Amino acid sequence: MRIAIAQLNQVVGDLSGNAARIVEAMAAARRGGAQLLITAELSLCGYPPEDLLLRPAFLSSCADELARLAARVEGITVLVGFPELAPDGRYNAIAVLRAGKVAAIYRKRCLPNYGVFDEQRYFTAGTDPCVVEVGGVRVGIIICEDVWCAGPAAAARDAGAQLVVVPNGSPYHTHQQALRRQVVSARARETGLAIVYVNRTGGQ
């Protein structure tokens, strides 16, 4: 399986612009023969959206933009980060887009609440693994902080994943790269699975 990684500089609140950049990345991925395109955490709305998440109209607009984006997906599977409004809460989620629709959704399980992160203010924690088949490979999805906890990657493995992908929205700070490698290496050793780690670029 060939995987494309879209490390885009998305803009908070620019839903149509962010979607257009994902469409451009999708076209490039298809030209390169990729079967799977991975975008970063909350790539549709930009990161971090903060108090925009408290506005129902913003979440509704995200849902509408996601549906329009999904309708354009053919011949490839695309993972798109978005804020999901569900009857039981708001979720930091990844939508699996394929064949013109949303085929599955993963909800982030570990919500960071330290340093620059304030996710417990905005989101409800997910509970279930998500594994989808792409090109004959069973791909497990986790999000950012999930890789810093042992549980989500192990749950993906137990659900049949052969590969784990990790969309991230992590900010830069010095010496963090080495620590990230240590954490991702630990999850790979624990699960016995390869891990694809995707971060955004730029900053807010």
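Shown above is the structure to which this text applies.
Residues numbered from 1 in each chain as written. Predicted model: local features only at pLDDT ≥ 70, side-chain atom pairs only at ≥ 80, totals over all residues. Heavy atoms only, no water.

Draft legend 1. How the structure looks around the sheet that holds strand S8 (residues 163-167). Here we have four strands laid out as an open sheet, ordered S6-S7-S8-S9, and mixed in their pairing. The open sheet terminates on both sides in strands that have one partner only, identified here as strand S6 (131-134) and strand S9 (194-198). Looking at each pair of strands side by side, their axes are set apart by 30 degrees on average, direction ignored. For S6 and strand S7 (residues 137-141), the ladder comprises four bridges, and the chain directions are antiparallel. (Pairing = 2+ DSSP bridges. Helix = DSSP H or I, 4+ residues; strand = E, 2+ residues; numbered from the N terminus. Axes fitted to C-alpha atoms, helices over the stretch in contact; angles between N-to-C directions.)

Draft legend 2. Structural view of the packing of aromatic side chains. On inspection of all chains with the given rule, the structure shows zero aromatic pairs. The ring of Tyr91 carries Arg107 above its face, with NZ or CZ at 3.9 Å from the centroid. (Phe/Tyr/Trp six-rings, centres within 6.5 Å; stacked < 30°, edge-to-face > 60°. Lys NZ or Arg CZ within 6 Å of the ring centre and 35° of its normal.)

Draft legend 3. Representation of the layout of surface pockets in the model. Its boundaries defined by the atoms lining it, the second largest pocket holds a volume of some 210 Å³. Every residue along the wall of the second largest pocket is listed here: Ser170, Pro171, Tyr172, Gln177, Arg180, Arg181, Val184, Tyr197, Asn199, Arg200, Thr201 and Gly202. At four residues, the largest contribution of residues to the lining of the second largest pocket is made by helix H5 (residues 176-191). In terms of residue class, the lining of the second largest pocket is built from four nonpolar, five polar and three charged. (1 Å grid on protein atoms, 1.4 Å probe; cavity = no way out; pocket = protein on both sides within 12 Å on 5 of 7 lines; lining within 4 Å. Points joined across faces, edges and corners; volume = space filled by probe spheres on them. Nonpolar A, V, L, I, M, F, W, Y, C, P; charged D, E, K, R; others polar.)

Draft legend 4. Fine view of the sheet that holds strand S1 (residues 3-6). Spatial ordering of the open sheet is given by S1-S2-S3-S4-S5, a layout of five strands whose pairing is mixed. Both edges of this open sheet fall to S1 and strand S5 (101-107), since each of them pairs with a single strand only. Going across the sheet, the axis of each strand differs from the next one's by a mean of 35 degrees, ignoring polarity. Where strand S4 (residues 89-98) meets S5, six bridges bridge the pair, whose relative direction is antiparallel. By the bridge assignment, Leu97 is partnered in S5 with Val102. Contacting strand S3 (77-86), S4 and S5, helix H2 (residues 56-70) crosses the sheet at an angle of about 155 degrees to S3. (Contact = heavy atoms within 4.5 Å.)

Draft legend 5. Quick look at unusual backbone geometry. In this chain, Tyr47 is followed by Pro48 through a cis amide linkage whose omega measures 0 degrees. Relative to the helices and strands, Pro48 is located in the loop between strand S2 (36-39) and H2.

Draft legend 6. Summary view of the side chain of Ser170. Within the element layout of this structure, Ser170 appears in the loop between S8 and H5. Classification of Ser170 as buried rests on a relative accessible area of 10%. For Ser170, the contacting residues outside a window of four places in its chain are Cys144, Arg180, Tyr197, Asn199 and Arg200. (Buried < 20%, exposed > 50% of the residue type's maximum accessible area, 1.4 Å probe, protein only.)

Draft legend 7. View of the pattern of salt bridges. Across all of its chains, the model carries eight salt bridges by this definition. Ionic pairing is found between Glu41 and Lys108, a salt bridge with its closest N-O pair at 2.8 Å. On the criterion of sequence distance, the pair formed by Glu41 in the loop between S2 and H2 and Lys108 in the loop between S5 and helix H3 (119-122) is long-range, its members being 67 residues apart. Comparing Glu41 with Lys108 shows no difference in burial state: the two are buried. A salt bridge links Arg68 to Glu65; the shortest N-O distance between them is 2.9 Å. With Arg68 and Glu65 both in helix H2 and three residues apart, this pair spans about one turn of that helix. Its relative accessible area of 48% is what places Arg68 among the partly exposed residues. For Glu65, a relative accessible area of 11% translates into the label buried. Among the charged side chains, a salt-bridge network with shared partners connects Glu41, Lys108 and Glu119. (Salt bridge = Lys/Arg side-chain N within 4 Å of Asp/Glu carboxyl O.)

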